[in-house]
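# Geometric and topological summary
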Amino acid sequence: MSLPLYKNLSMTVLRALHTLGGSASISDIERASADLLNLTEEERAVIHKGKQTKLHNRLAWTRYYLKMKGYIENIDKNNYMLTEKGIGRIK
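What comes next is a walk through the structure. (Residues numbered from 1 in each chain as written. Predicted model: local features only at pLDDT ≥ 70, side-chain atom pairs only at ≥ 80, totals over all residues. Heavy atoms only, no water.)

### With respect to the environment of Leu59
Following the sequence through the fold, Leu59 ends up in helix 4 (residues 54–68). Given a relative accessible area of 0%, Leu59 falls into the buried group. Residues Leu59 and Thr12, 47 residues apart in the sequence, show an inter-C-alpha distance of 9.6 Å. In contact with Leu59, other than residues within four places in its own chain, are Leu9, Val13, Glu30 and Ser33. (Helix = DSSP H or I, 4+ residues; strand = E, 2+ residues; numbered from the N terminus. Buried < 20%, exposed > 50% of the residue type's maximum accessible area, 1.4 Å probe, protein only. Contact = heavy atoms within 4.5 Å.)

Right, here's the structure in full:
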């Protein structure tokens, strides 16, 4: 499977956060999202630029847009949580 574009990862990130109890660190969201997508270790490790993986980059953009739409919010610099609007989007 090839990695979907960031605009097609929204539901994956929301579901990942939901399965992680509604809030999680960036690395936990990344791991859970990759698991939901059934990505292989090789697909998870594809480099985008420098040392950043393509998965990390696309999920960062996905989180940005989900935050702008009000589906998630930052708890702090490295942690996110679902909002009520985000929980409603999953159901």
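What follows continues from the structure just given.
### Details of the sheet that holds strand 1 (residues 23–25)
If you trace the three strands from one edge of the open sheet to the other, you get 1-5-4, paired in antiparallel fashion. What marks the edges here is a single partner per strand, and that holds for strand 1 and strand 4 (72–76). Neighbour-to-neighbour, the strand axes of the sheet open up by a mean angle of 30°, direction not taken into account. Sitting on the sheet, helix 1 (residues 10–19) is in contact with strand 1, strand 4 and strand 5 (79–82), with an inclination near 95° to strand 5. (Pairing = 2+ DSSP bridges. Axes fitted to C-alpha atoms, helices over the stretch in contact; angles between N-to-C directions.)

### Regarding helix 4
With 15 residues, helix 4 should reach 21 Å at 1.5 Å per residue; the first-to-last C-alpha distance of 21 Å fits that figure. Two residues or fewer after helix 4 comes Gly70, characterised by a positive phi angle close to 85°. (Expected span 1.5 Å × (residues − 1).)

### So, the packing of helix 1 against helix 2 (residues 26–36)
When two helices pack together, their arrangement is given by the angle between the helix axes and by the axis-to-axis distance. Two elements in contact, helix 1 and helix 2, have axes separated by 9 Å at closest approach and are oriented at 115°. The orientation of helix 1 relative to helix 2 falls into the category roughly perpendicular. Relative to helix 2, helix 1 is oriented so that their crossing is right-handed. On helix 2, the residues that touch Thr12, Val13, Arg15, Ala16 and Leu17 of helix 1 are Ile29, Ala32, Ser33 and Leu36. Partitioning the contact of helix 1 with helix 2 into residue classes produces six nonpolar, two polar and one charged. (Parallel < 35°, antiparallel > 145°, perpendicular 65-115°, else oblique. Left-handed = near helix turned anticlockwise from the far one by under 90°. Nonpolar A, V, L, I, M, F, W, Y, C, P; charged D, E, K, R; others polar.)

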